[in-house]
Amino acid sequence: MQPKTCIACGMPMSRPADFALGDVNKEYCVHCARPDGSMQSYVEKLQSLTAFIVRTQGLDERAAREGAAAMMARLPAWKDHPAGSP
Amino acid sequence: MGVMAEAGLMQAATAVIAQRAGVAHGTVFAHFRTREDLLCAVIEELGARVTRRLHELSVGNRGLLDLLEAHVQGLVENERLYTRLVAERPLIPPRARSTLVMIQSVVSFHVGEALEREAGQGRPRRLPLHLLFNTWLGLLHHYLLHADLFSPGEASVLRQHGPTLVRYFLALVADERSV
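Since this is a predicted model, take the numbers as computed values, not measurements.

Asker: Which parts of the structure should I look at to understand the interface of chain A and chain B?
Answerer: Many analyses report the size of an interface as the accessible area lost when the parts associate. Counting from both sides, the interface comprises 10 residues of chain A and, opposite them, 16 residues of chain B. Ranked by residue count, the leading element in the side of chain A that touches chain B is helix H1 (residues 42–57) of chain A, at 4 residues. Residues of the side of chain A that touches chain B, tallied by class, amount to 4 nonpolar, 5 polar and 1 charged.

Here you go:
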């Protein structure tokens, strides 16, 4: 069976530790949750994903932000988010 | 996917794609409004295949060796199309270009996690993660883009040279790991 996929970043969630607060009923992962367990906003996720891409791939920040926004546009949590808006 | 892998992302003709699929030329456009939509769908499927394979093969917090082998294996299975994506990325529509960034995000996430586990908790990293990751990627892409020089006549340059590249990279980063 395919593992559940995080609606906010697309990461497969195969272990309880992958889920926000370890709750397998959640639709988003531990990396997309705030400390209180709620899901990060679009702006928070865009910032964290951009920073992640810069840190791990070394891209220019603007290119990383564009890549992050394009990746997020395909995910269920952000599909209806208007392009270019915060 | 096969036609684009063989002819190139920008060169593959929709008439040939339709012929290979055994449908009328117009049927292609019943599913995809434009050639660009078709190209984006193919690239997206490639991204899903490569990253899904990596997740499947690296499940269970395995070490860097297993992870790099899983990465190579996922690329071997999609080698020609992936190489086209690397070579033609600047030429393809912007919405398809980001797929490569997405693929590398997944790979770099796993590489970072594996290095973190193997370095031992709290041990400072000597080299920046992005340079370690780009060194690995640079190796793979160099072999992929010049496969005719490294593996002439072979179906897969990474099947032939992947194990050597994995061993070499592990030797390079030995100081970053405590295993």
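Asker: I would appreciate a short explanation of unusual backbone geometry in the present structure.
Answerer: Glycine aside, a negative phi is what most residues show, and trans is what most peptide bonds show. The phi dihedral of Leu21 of chain A falls on the positive side, at around 55°, and the residue is not glycine. According to the C-beta neighbour criterion, Leu21 of chain A is partly exposed, with 14 such atoms within 10 Å.

Asker: Can you walk me through the packing of H1 of chain A against helix H8 (residues 129–145) of chain B in this structure?
Answerer: The interhelical angle for the contact between H1 of chain A and H8 of chain B, taken along N-to-C directions, is 65°, at an axis separation of 5 Å. Facing H1 of chain A, whose interface residues are Arg55, Thr56 and Gln57 of chain A, H8 of chain B presents Leu129, His130 and Phe133 of chain B. Across the contact of H1 of chain A with H8 of chain B, the residue classes break down as 2 nonpolar, 3 polar and 1 charged.

Asker: What is the right way to look at the nonpolar core in this model?
Answerer: Buried together is how nonpolar side chains tend to be arranged in soluble globular proteins. Grouped together as the largest cluster of nonpolar side chains are 54 residues, with contacts concentrated most on Cys6, Cys9, Cys29 and Cys32 of chain A together with Leu46 of chain B. Elements with a contribution of two residues or more to this core: H1 and helix H2 (61–73) of chain A together with helix H4 (35–57), helix H5 (64–76), helix H6 (79–88), helix H7 (94–119), H8 and helix H10 (157–172) of chain B. When residues of this core are assigned to their parent elements, the largest contribution, 9 residues, is made by H7 of chain B. For Leu46 of chain B, the residues in contact, after removing those within four places along its chain, are Asn78, Leu81, Tyr82 and Leu85 of chain B.

Asker: Please explain the environment of Gln19 of chain B as it appears in this structure.
Answerer: Take Gln19 of chain B: it is sitting in helix H2 (residues 14–21). Sequence separation between Gln19 of chain B and Ile103 of chain B is 84 residues, and the spatial gap between their C-alpha atoms is 30 Å.

Basis of the calculations
Residues numbered from 1 in each chain as written. Chains lettered and ligands numbered in written order. Predicted model: local features only at pLDDT ≥ 70, side-chain atom pairs only at ≥ 80, totals over all residues. Contact = placed C-beta atoms within 7 Å. Helix = DSSP H or I, 4+ residues; strand = E, 2+ residues; numbered from the N terminus. Nonpolar A, V, L, I, M, F, W, Y, C, P; charged D, E, K, R; others polar. Buried ≥ 20, exposed ≤ 12 C-beta atoms within 10 Å, placed from the backbone. Axes fitted to C-alpha atoms, helices over the stretch in contact; angles between N-to-C directions. Core = buried A, V, L, I, M, F, W, Y, C linked by C-beta atoms within 7 Å.

On their own, these measurements won't tell you what the molecule is for.
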